[in-house]
Amino acid sequence: MTDENQNFIKLFIEGKQEVLEKIYTKNFTGVKKYILKNNGTKADALDIFQEALLILYSGLKSGNLKIIAFDSYLFFTCKNLWIKKVTKNKVTETDLTTLISNDIEDNTFELKERQWELFEEKFNLLKDDCINILKLMLQKTPYESIFKKLNLPNENAARQKVFKCKKKLFKMIQSDKRYNDLKDI
């Protein structure tokens, strides 16, 4: 990996605004085109892009991920997340009936409930501005409305704020000792 790549990744992990802007400018359009071409919406593209950034951030921060071509890896992460989401939504009712037994259903429910409790606990520890922006995001409020409601300079600033707040929440959840027990297998 070149020194330039290492520096870029270091700045990405630190959440430097200029790096995040560069990532959005350089990569979001391609991801959006791919998702729109494959029956998605702009909102889907934004969600997938955010999720992919969090995955890359987590992997790079932990040292479990080594990337040579950041842009390519980001695109393929987005593509795989979209394929996974679309495939997941195609499960039919008869498939569900066949696949789910009562034991699995009960265990899954308990696991999801404990995951939700951890999420909610850490979510409520965030600063009010992060809580407000993440609530708007969870309500699927468009970024155009978010930046106006929160008096941010533009949509890009809203996206970056959402990313930083998600990253903070993700860090808080991962640092909890219950996290490893509650990860989906």
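Structural data are supplied above this passage.
Residues numbered from 1 in each chain as written. Predicted model: local features only at pLDDT ≥ 70, side-chain atom pairs only at ≥ 80, totals over all residues. Heavy atoms only, no water.

The next point concerns the packing of helix α2 (residues 17-37) against helix α3 (residues 42-62). Relative orientation and spacing of two packed helices are given, respectively, by the angle between their axes and the distance between those axes. Where α2 contacts α3, the two axes come as close as 9 Å, and the packing angle between them is 130°. Relative to α3, the element α2 lies oblique. Classified by chirality, the crossing of α3 by α2 is right-handed. Of the residues in α3, those in contact with Ile23, Tyr24, Asn27, Phe28, Val31, Lys32, Ile35 and Leu36 of α2 are Lys42, Asp44, Ala45, Leu46, Ile48, Phe49, Gln50 and Leu53. When the residues that make up the contact of α2 with α3 are grouped by side-chain class, the tally is 11 nonpolar, 2 polar and 3 charged. (Axes fitted to C-alpha atoms, helices over the stretch in contact; angles between N-to-C directions. Helix = DSSP H or I, 4+ residues; strand = E, 2+ residues; numbered from the N terminus. Parallel < 35°, antiparallel > 145°, perpendicular 65-115°, else oblique. Left-handed = near helix turned anticlockwise from the far one by under 90°. Contact = heavy atoms within 4.5 Å. Nonpolar A, V, L, I, M, F, W, Y, C, P; charged D, E, K, R; others polar.)

With that out of the way, let us pick up α2. Spanning 21 residues, α2 covers 29 Å between terminal C-alpha atoms, matching the ideal 30 Å at 1.5 Å per step. Along α2, the helix axis deviates most sharply at Asn27, where the bend reaches about 45°. Residues Val19, Leu20, Ile23, Tyr24, Asn27, Phe28, Val31, Tyr34 and Ile35 constitute the buried set of α2. Count one or two residues on from α2 and you reach Asn39, which has phi positive near 65°. (Expected span 1.5 Å × (residues − 1). Bend = angle between axes of the 7 residues up to and from the residue. Buried < 20%, exposed > 50% of the residue type's maximum accessible area, 1.4 Å probe, protein only.)

Functional significance is not addressed by these values, which are geometric in nature.
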